[in-house]
Amino acid sequence: QQPVQSPQAVILREGEDAVINCSSSKALYSVHWYRQKHGEAPVFLMILLKGGEQKGHEKISASFNEKKQQSSLYLTASQLSYSGTYFCGTLPSGTYKYIFGTGTRLKVLA
Amino acid sequence: GAGVSQSPSNKVTEKGKDVELRCDPISGHTALYWYRQRLGQGLEFLIYFQGNSAPDKSGLPSDRFSAERTGESVSTLTIQRTQQEDSAVYLCASGRDYSSDTQYFGPGTRLTVL
């Protein structure tokens, strides 16, 4: 039931790009993306509502394919500050219960 | 003005004791969420409040867990007869509206059950 994220972990050099995928088995109303650094609370990155939209936030953007029940987070020209664990939070249609993905650990090296 | 606050920041308790965790959301936020995060794990949704109403309590792990919210302000999460498996960080988040808005997280309460 938990959305599956891929890859589980990724190591990048500064300036490289990465894509993190989130795949759900349920029809989704919305997808949220968060980044969590070790020992800190998650920080919201963006929300995508059903409709197949794509959003951007500085060098971080995301897409949501409602029909495939998938979302992808795109990190371009990565910076050291991008290091952390990325979670997708999904809201299945017709429910009030958010279900979070398995997480992707990302490390950016200088 | 301030962000979401939670208290206590750390709580160590003995197995079988009751604990109460508090969350102060951002003023004006009608939506309030409780999550649990075990060490090295992802976020586990517990309960959501719209105002002081909780439409879905199915995320609470057992009947030892309960939560309430006063109006559109403070919420408390109570765990009765704590077990070692309850040890985790309990996170609270608030938002202006459910489902379509940013969730702002508090710093969490780290609960350790001995």
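Please read these numbers as outputs of a predicted model, since none were measured by experiment. (Residues numbered from 1 in each chain as written. Chains lettered and ligands numbered in written order. Predicted model: local features only at pLDDT ≥ 70, side-chain atom pairs only at ≥ 80, totals over all residues. Heavy atoms only, no water.)

Asker: What should I look at first to understand the interface of chain B and chain A in this one?
Answerer: Accessible area lost on assembly of the parts is the figure often given for the size of an interface. At the junction of the two partners, chain B supplies 22 residues and chain A supplies 17 residues. Interface area for chain B against chain A, summed over the two sides, is near 1,600 Å², with a carbon-plus-sulfur share of 65%. In this assembly, chain B and chain A are joined by zero salt bridges. For the pair chain B and chain A, the interface holds one residue pair in polar contact (both at pLDDT 80 or more). Residue assignment for the side of chain B that touches chain A shows that the elements contributing at least two residues are strand 4 (31–37) and strand 5 (43–50) of chain B. Its residues assigned to classes, the side of chain B that touches chain A comprises 10 nonpolar, 10 polar and two charged. (Contact = heavy atoms within 4.5 Å. Buried area = accessible area lost by both parts, 1.4 Å probe. Salt bridge = Lys/Arg side-chain N within 4 Å of Asp/Glu carboxyl O. Polar contact = N/O pair within 3.5 Å; in protein donor to acceptor, adjacent residues only side chain to side chain. Helix = DSSP H or I, 4+ residues; strand = E, 2+ residues; numbered from the N terminus. Nonpolar A, V, L, I, M, F, W, Y, C, P; charged D, E, K, R; others polar.)

Asker: Would you mind going over the layout of surface pockets with me for this structure?
Answerer: Using a probe with the size of a water molecule, rolled over the atoms, empty space left in the structure can be pinpointed. Its volume calculated, the largest pocket comes out at about 910 Å³. Lining the largest pocket are 38 residues, with Gln 36, His 38 and Thr 85 of chain A together with Gln 37 and Gly 40 of chain B positioned closest to its centre. Among the secondary structure elements, those contributing two or more residues to the lining of the largest pocket are strand 1 (4–6), strand 2 (9–13), strand 9 (84–92) and strand 11 (104–109) of chain A together with strand 8 (88–95) and strand 10 (109–113) of chain B. The biggest single contributor to the lining of the largest pocket is strand 11 of chain A, with four residues. Here the residues of the lining of the largest pocket are counted per class, giving 12 nonpolar, 20 polar and six charged. Each pocket or cavity is described by its volume, and for the second largest pocket that value is around 300 Å³. (1 Å grid on protein atoms, 1.4 Å probe; cavity = no way out; pocket = protein on both sides within 12 Å on 5 of 7 lines; lining within 4 Å. Points joined across faces, edges and corners; volume = space filled by probe spheres on them.)

Honestly, it's all geometry; don't read function into it.
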